[in-house]
Amino acid sequence: MKTAVEWLAEQIECFGNKHELQMSWATLDELIEQAKEMEKEQIIAAYWASYKEGQYSGDKTADEYYNETFKQEIEKL
C-alpha cells in the first residue's frame, strides 16, 4: 500500500520531470485534495487496527479521533 505522499509524488511525476512541470494549479489542487482524503482513510484504518489489537483504549470513533487530532492542522495547509 502506498502512502498518500507517495501516491501524490507519483501523480506529479506523470506531468513532467524535475526541471519542468506541465500542470495547472487546478490539477495540483485536485491531486492534493485526493491525497488528503487518502491520508484520512489511512489514519482511520491505522486507528481501527490499533483498536482491534488493544493498543488504543479511547471512547472516540475513528472519525472523531481524526477530526480532533488532524483536521485543524490539515485545514491550515
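Residues numbered from 1 in each chain as written. Predicted model: local features only at pLDDT ≥ 70, side-chain atom pairs only at ≥ 80, totals over all residues. Heavy atoms only, no water.

Student: I'd like a rundown of the packing of aromatic side chains, residues and numbers included.
Tutor: The final tally for this structure, using the stated rule, is one aromatic pair. Ring centres of Y47 and W48 lie 5.2 Å apart, and the angle between their planes is 85 degrees; this geometry places the pair in the edge-to-face category. Y47 sits in the buried class, given a relative accessible area of 3%. Using a relative accessible area of 35% as the deciding quantity, one classes W48 as partly exposed. (Phe/Tyr/Trp six-rings, centres within 6.5 Å; stacked < 30°, edge-to-face > 60°. Buried < 20%, exposed > 50% of the residue type's maximum accessible area, 1.4 Å probe, protein only.)

Student: Mind laying out the confidence of the model for the chain, listing which residues take part and the relevant values?
Tutor: Low pLDDT means the predicted atomic positions in that stretch should not be read closely. When pLDDT is averaged along the chain, the result is 81, and 83% of the positions lie at 70 or above. Looking across the chain, the model is least confident in helix α3 (residues 62-75), with a mean pLDDT of 69, and most confident in helix α1 (residues 4-13), with 91. (pLDDT = per-residue confidence, 0-100. Helix = DSSP H or I, 4+ residues; strand = E, 2+ residues; numbered from the N terminus.)

Student: Describe the pattern of salt bridges, naming the residues involved and giving the relevant values.
Tutor: Taken as a whole, this structure holds two salt bridges when the rule is applied. Between K36 and E33 there is a salt bridge whose closest N-O contact spans 3.5 Å. Placement of the pair is K36 and E33 together in helix α2 (residues 25-52), with a separation of three residues, close to one helical turn. (Salt bridge = Lys/Arg side-chain N within 4 Å of Asp/Glu carboxyl O.)

Student: Give a description of the environment of L28 that names residues and reports values.
Tutor: By the element assignment, L28 lies in helix α2. Expressed as a C-alpha distance, the spacing of L28 and I12, which sit 16 residues apart in the sequence, is 7.9 Å. Apart from residues lying up to four places away in sequence, L28 is in contact with I12 and M23. (Contact = heavy atoms within 4.5 Å.)

Student: Tell me what's going on with the nonpolar core, and back it up with residues and numbers.
Tutor: Membership of the largest hydrophobic core is limited to seven residues, which are A4, W7, L8, M23, L28, L31 and A35. If we skip the residues at most four places from it in the chain, W7 touches K2, L31, Q34, A35 and M38. By size, the runner-up hydrophobic cluster in this structure holds five residues, among which are I43, Y47, A62 and Y66. (Core = buried A, V, L, I, M, F, W, Y, C linked by side-chain atoms within 4.5 Å.)

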